[in-house]
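Observations on the model geometry
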Amino acid sequence: MSAKLQDNPFALLFCSVEDAEQFSKQHQHSPVHQQPVQDPPSRQACGSEEGITAFLEDLLLVTTRLGPHPSPRVLLTDADALTTDTFQLLLFDRLLLENPNVNLIGPGDEGREEAGRAEVVVYLVEVYQRCWAARDKPLSHVARQVQAAVITNLATALEQPELYRGQHPDRQLVQVFLTGFGQEAAVEDLAIKLTQHLAGQGTAPPALFDQLLAEVTTQLGQCCLMTVNYHLVDILDFYASSPYLATLITKTPEKLQRARTGRAYQNTPLGSLLSISCLPKNQADPYEFFEKPSLQLDQTHKDTENSIWRAQSNINSRIYKLFYTLLKVSPEAKVGLLTWVESCLEANSGRAGMWNVEGIGGLLGATYVCDGFMVNLGAVMLQLAQPFTQDLKTAKILKVDPTYCAAPKEISNNRMSGAYTGNLGKQTTLIPHPEDSPRIHSKTYSFTSACFFLTHRALHLGVQVVQQKLHKLYQELGRLQQEFQDTSTQRSSVERMRSLIESQTTIFLSFRTAILEPNMAESILQFLGASAEWLVQMALCPPDQCSPPSAVQDVKVPLPDDKDPHLFLQCIPEFLVETLTETISALRRYNASLLDSSVSSLILPHLMSFIIVFMGSPNRMNNPHLRARLAETLESLIPENANSRGGLLLGYREQLFATHPLSTELVTALLQVFVSIEMTGQSVAFEEKFNYRRPMYEVIKYLWKSLSHRRRFSELADEALSSMESAKPPLFLRFVNLLMNDATFLLDEALSYMSKLRESQKQRESGEWTSLPAAQREERERSFHLTTVLARYHNMLGAHTIQILILLTREMPQMFIHNTLVDRMAGMLNYFLCTLVGPKQRTLKVRDMEKCQFRPGEIVSDICSVYTNLYSNEAFCLAVSADGRSYTPELFSQAYDVLYRIGRASLAEEIQEVARMVVKAREIHAIEEDIAADAPEEFLDPIMSHLMTDPVILPSSRLSCDRQTIARHLLSDQMDPFNRQPLTMEEVLPNTELKERITAWLEEQRALRAKQAHARKEEMED
């Protein structure tokens, strides 16, 4: 024991360690000596020696006097009187008693348990509490001395627990802190003083603080959203506020480090808090809220939602306070927290994988933290980012360094100052950087830069993933509802389907509630608006500017040339844009009112600037998928009610489209991204482009209502008409060409699916499927449902394309009657009109056509509207009549009958006029063809064998052909068809001499035919 006492500070009070040991043994085993009861001293002033002794006895519950005493005390025999000079030694004597109850004196049972307390830590804490209660009494200075002695003895007990055999002081103090924090101010004050004392000694925190933290983590991990023990959070707050303990919170235990999975962070102190959510912590756990949703009223769901939001807001506010305190308490704690966030995000980067979103991860799903964890981390990071994202009128957002993600992870085995990049440097950037050249980066980075990118990463791995899951669930529920209706007559499937829909609806409501918490949703909108403004400012930096801008520059037309994009864009990950686009779309889908809020009015102009600057520029954003997603974001900004226009009724979002400084560039940017989805060299799935173009059609229809935007469409059409033969096809020509391709494909596919549905319905209703085995019958049902979905999809998109064609052909018909397009346009219209009104129409009729969004009457009406927009041009009418595939003299009379049946009488009359003009053009063309049949060989086009009207000379082969023929050829093949040499329309030469000869010959032939016709007429009259 001598070795154990040697390091005890109270051993210095004895002449030797042996004396201390002997003293300890005597006082542990000596029995109570009953002495005559002494008369109590007369009442003295508090400051008297007797008063101080009585006060110390009340605090320590010990005495050196036999009494009498008003309550139980531990008698310390053979000891000096209890005074301010001796109480520390006597306190140590008291602590060394293995069984204090043996030494108890005094009357009654009340206070006996406290006086005889054997657990040294509990006893010391209770002494401290009595001192705390006396802090405002006259002898408070004495109480403070006792408190200091308690702290010293507690530190000794923790550093030398062997002094108190079988006591385990650390475990006792853990329990004291667990039960006292947040409930007893004295315990919290003791904890503060103890840590200050330990820190002053310059030693590492005792193991007890790791034990306490582990217990807090375990207990928080068992908490649910509505049953959070906030006293445990108080303990974490205490740790965070102490420079001595703060780093323990962000230290990952060795056991978790060895696990090497993102999931391990869920079992850390911060992770146990972040995991508290309305979403389950583990894949196998049930969803806590929205049970049996179909049986609840909408108001009940709203009440549940509001309760969840209040609880989640409370817990996130406490986590934010914890993070903020850690950032401020010490440089080491700040580095520890940022490193923890960095490592957590890096370890969980796989959450963004498609397998996770699709819910097919299986065991891999347990590799990463739960959805609620990452959503909450994003919410907390958003609060930390508010100082530099909340007010965009200032230039605080420009303090974000665009080269942050390009910073090397390590330099000379030391972290680059301020860079917590994790695997951000490996992410795909807006513009690819050459692999053989290093990216630019700064020497140091600010907290603003770190917070900005860590927040984006947290949102990307949290909120965005849940948004994707939510959208997938939304689609899945729609499919299940449809299947439920289809199988409602099959009793065996009804209950199974109903149960599945119920469970999926519970998950859907839980996901939606998790990402739409009002405070977080508003913060996201502010953050994304600031990000949009920052990206615009980075994109518009002059190419020779090496440092980020320090002042916000106005965005105005014309935009700077994008041929040499800034190197900053080679450092910025494109997932920033992914998060922005998907979040705005999700807000519109599930919380549209937020886009009309006061916060939104400040943010939307910056979003509009970002969309226009990046959407049409592959040199600012290389990924065509992302630029197409910007069109979907643009659709989200369209006012919900776009019918009121002009005057005071002009809504804010309508003003955004009309008066934004870059609004004149909107149409061009939209058409550029429309074309780029088709023309890109990158892989874009054939049918995926239609998903991208659907929102573009909606935006075009909205812009068309604005005179200024419609004028811009016309200007682009005029530019195209003036350069139709350019080596680089003009933008509007490419747009129109692709629009016609889309219309042809979509309508053709839609009609094909309708025909398949009809055949399947006939087999189904005839009973043919009932004789099939169950598995085969289910397969037929699934195939039937899939065909219905595909038919609906193609019908819907096909209708969009025809509606756009109506707008364009009405405003700029000259574009569609140009000789490079007119034959295609006429052939397309004839084909679909013939299919819908001719004999084939019977093959398209199915039950419940509305389920497939198949409205043949509307399609016929739309197609006929396009005819009426173009029929005044003779070339168009001629192209209609010359179409040998679909045109028949009965075509328009059949269309006339359909239009009358659906109540479109005025359009029916117009289509009759179209028929007359087509017949007239056909008659004229017949005469011309008759003439052309006798044309000399040199007047005929060598490719199409028709009479040339505008012959041109091909420069390399020196052969002549019709301008219209070679123009069509070069749209798909930039080679001379006769010698395969490169060729553009700018290189062809007009063959003026040949054209004059053809013209002269035609006039001669027409005059001859007219003379012959006149002679025949005279003969008939005679």
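Criteria and thresholds
- Residues numbered from 1 in each chain as written.
- Predicted model: local features only at pLDDT ≥ 70, side-chain atom pairs only at ≥ 80, totals over all residues.
- Heavy atoms only, no water.
- Phe/Tyr/Trp six-rings, centres within 6.5 Å; stacked < 30°, edge-to-face > 60°.
- Helix = DSSP H or I, 4+ residues; strand = E, 2+ residues; numbered from the N terminus.
- Buried < 20%, exposed > 50% of the residue type's maximum accessible area, 1.4 Å probe, protein only.
- Lys NZ or Arg CZ within 6 Å of the ring centre and 35° of its normal.
- Salt bridge = Lys/Arg side-chain N within 4 Å of Asp/Glu carboxyl O.
- Axes fitted to C-alpha atoms, helices over the stretch in contact; angles between N-to-C directions.
- Parallel < 35°, antiparallel > 145°, perpendicular 65-115°, else oblique.
- Contact = heavy atoms within 4.5 Å.
- Nonpolar A, V, L, I, M, F, W, Y, C, P; charged D, E, K, R; others polar.
- Core = buried A, V, L, I, M, F, W, Y, C linked by side-chain atoms within 4.5 Å.
- Pairing = 2+ DSSP bridges.
- 1 Å grid on protein atoms, 1.4 Å probe; cavity = no way out; pocket = protein on both sides within 12 Å on 5 of 7 lines; lining within 4 Å.
- Points joined across faces, edges and corners; volume = space filled by probe spheres on them.
- Patch = residues over 30% accessible without salt bridge, like charges linked within 9 Å, V, L, I, M, F, W, Y side chains within 5 Å.
- Areas by Shrake-Rupley, 256 points an atom, 1.4 Å probe, with all protein chains shown as cover.
- Left-handed = near helix turned anticlockwise from the far one by under 90°.
- Expected span 1.5 Å × (residues − 1).
- pLDDT = per-residue confidence, 0-100.
- Disulfide = S-S within 2.5 Å.
- Polar contact = N/O pair within 3.5 Å; in protein donor to acceptor, adjacent residues only side chain to side chain.

Okay, the packing of aromatic side chains next. Taken as a whole and assessed by the stated rule, the structure comprises 31 aromatic pairs. Seen in terms of ring centroids, tyrosine 287 and phenylalanine 511 are 6.3 Å apart; in terms of plane orientation they differ by 85°. Their pairing is edge-to-face. On the criterion of sequence distance, the pair formed by tyrosine 287 in the loop between α14 (269-274) and α15 (298-329) and phenylalanine 511 in helix α21 (residues 491-515) is long-range, its members being 224 residues apart. Taking the relative accessible area as the measure of exposure, phenylalanine 511 reaches 5% and is therefore buried. Through successive ring pairs, a cluster of aromatic residues spans Tyr404, Tyr445, Phe452, Phe453, Phe527 and Trp534. Its end group placed over the ring of phenylalanine 784, arginine 764 keeps NZ or CZ at 4.6 Å from the ring centre.

This paragraph deals with helix α4 (residues 87-96). For α4, a buried count of 8 out of 10 residues is recorded, marking the element as mostly surrounded by other parts of the structure. The complete set of buried residues in α4 reads Phe87, Leu90, Leu91, Phe92, Asp93, Arg94, Leu95 and Leu96.

Bringing the pattern of salt bridges into the picture now. Two side chains with opposite charge may pair up if their charged atoms get near one another. Counted by the stated rule, this structure contains 37 salt bridges. With a closest N to O distance of 3.6 Å, lysine 251 and aspartate 210 form a salt bridge. Highlighted residues: lysine 251 in the loop between α12 (246-249) and α13 (254-259) and aspartate 210 in helix α10 (residues 207-221), separated in sequence by 41 residues. The class for lysine 251 is partly exposed, based on a relative accessible area of 42%.

Remark: helix α3 (residues 49-60) packs on helix α6 (residues 120-133), axes separated minimally by 8 Å, with the N-to-C direction vectors making an angle of 130°. By the angle between their directions, the pair α3 and α6 is classed as oblique. Where α3 abuts α6, its residues Asp58, Leu59 and Leu60 lie against Tyr123, Val127, Arg130 and Cys131. Its residues placed into classes, the contact of α3 with α6 shows 5 nonpolar, no polar and 2 charged.

Tracing the backbone through its elements, the reader meets threonine 820 in the loop between α32 (813-816) and α33 (822-837). Take threonine 820: its relative accessible area is 10%, and that puts it in the buried class. What threonine 820 contacts, discounting residues up to four positions off in sequence, is Met724, Ala967 and Arg968.

Below, the discussion takes up the nonpolar core. By size, the foremost hydrophobic cluster in this structure holds 290 residues, and its most contacted members are Phe177, Trp534, Phe732 and Tyr867. The biggest single contributor to this core is helix α30 (residues 731-765), with 14 residues. Residues within four places of tryptophan 534 in sequence aside, it is in contact with Ile397, Leu398, Val400, Asp401, Pro402, Phe452, Phe453, Ile572 and Leu576. Membership of the second largest hydrophobic core comes to 10 residues, among which are Phe939, Leu947, Met948 and Ile998.

What follows covers the sheet that holds strand β3 (residues 104-105). Spatially, 3 strands are ordered β1-β2-β3 in an open sheet, and the strand pairing comes out mixed. For this open sheet the edge positions go to β1 (62-63) and β3, each flanked by a neighbour on one side alone. Relative to strand β2 (residues 73-75), β1 runs parallel, the two sharing 2 bridges. Directly across from valine 62, in β2, lies its bridge partner valine 74.

Here we take up the layout of surface pockets. Taken as a whole, the second largest pocket encloses approximately 1,100 Å³ of empty space. Around the second largest pocket, the lining is made up of 35 residues, and of these Leu878, His925, His946, Thr949 and Gln964 lie nearest the centre. Mapped by element, the contributors of at least two residues to the lining of the second largest pocket are α33, α35 (874-882), α37 (905-932), α38 (963-972) and α39 (992-1021). Looking at the lining of the second largest pocket element by element, the count peaks at 6 residues for α37.

On the surface, a nonpolar cluster with roughly 340 Å² of combined accessible area is contributed by Ile943, Met944, Leu959 and Phe978. The residue isoleucine 943 is located in the loop between α37 and β6 (951-953) in this model. Residue class for isoleucine 943 comes out partly exposed when judged on its relative accessible area of 35%.

Next up on the list: the packing of α33 against α35. Taken N-terminus to C-terminus, the directions of α33 and α35 make an angle of 50°; their axes are 8 Å apart at the nearest point. With respect to their mutual orientation, α33 and α35 come out oblique. By crossing handedness, the relation of α33 to α35 is classed as right-handed. Contacts between α33 and α35 involve Val822, Asp823, Ala826, Leu829 and Asn830 from the former and Ala875, Phe876, Ala879 and Val880 from the latter. Its residues assigned to classes, the contact of α33 with α35 comprises 7 nonpolar, 1 polar and 1 charged.

Let us look at helix α23 (residues 575-590). An ideal rise of 1.5 Å per residue puts 22 Å on 16 residues; α23 measures up with 22 Å between its terminal C-alpha atoms. Of all 16 residues that make up α23, 13 are buried, and the element is covered over most of its length.

Here the focus is unusual backbone geometry. Note the cis peptide between valine 557 and proline 558, where omega equals -5°. Following the sequence through the fold, proline 558 ends up in the loop between α22 (518-539) and α23. Notably, phenylalanine 290 is not glycine yet its phi reads approximately 60°, a positive angle. In this fold, phenylalanine 290 is placed in the loop between α14 and α15.

Tracing the backbone through its elements, the reader meets tyrosine 652 in helix α26 (residues 652-659). Sequence-wise, tyrosine 652 and serine 601 are 51 residues apart; in three dimensions their C-alpha atoms are separated by 7.2 Å. Leave out the neighbours within four places in its chain, and tyrosine 652 touches Ser601, Leu604 and Pro605.

Reading across from one edge, β7-β6-β8 is the order of the 3 strands in this open sheet, with antiparallel pairing throughout. Looking at strand neighbours, the two that pair on one side only are β7 (960-962) and β8 (989-990), the edges of this open sheet. For β6 and β8, the ladder comprises 2 bridges, and the chain directions are antiparallel. Across the sheet, isoleucine 953 pairs through a bridge with leucine 989, a residue of β8. Sitting on the sheet, α38 touches β6, β7 and β8, and the angle it makes with β7 is about 85°.

Detailed reading of the predicted model is not advised wherever pLDDT is low. Across the protein chain, the average pLDDT comes to 86, with 90% of residues at or above 70. At the low end of the mean pLDDT range in the protein chain sits helix α1 (residues 2-6), at 44; at the high end sits α14, at 96. Predicted confidence for residues 23-44 stays below pLDDT 50, and this span has 33 contacts to residues more than four positions away or in other chains. Per-residue pLDDT stays below 50 along residues 642-650; that stretch engages in 10 contacts with residues further than four places along the chain or on separate chains.

In this section: the state of the cysteines. Under the counting rule described, the total for this entry stands at 0 disulfides. Summary of cysteine pairing: cysteine 224 is not part of a disulfide, and the nearest cysteine sulfur, belonging to cysteine 223, is at 7.6 Å. Cysteine 451 takes part in no disulfide bond, and the closest cysteine sulfur to it belongs to cysteine 405, at a distance of 13 Å. The exposure class of cysteine 451 is buried, given its relative accessible area of 0%.

Here histidine 69 shows up in the loop between β1 and β2. Assessed through its relative accessible area of 7%, histidine 69 is described here as buried. Looking at histidine 69, its side chain comes within polar contact range of the side chain of threonine 63, at 3.5 Å. One polar contact links the side chain of histidine 69 to the main-chain carbonyl oxygen of arginine 65, over a distance of 2.8 Å. Apart from the residues within four sequence positions on either side, histidine 69 is in contact with Glu57, Thr63, Ile105 and Pro107.

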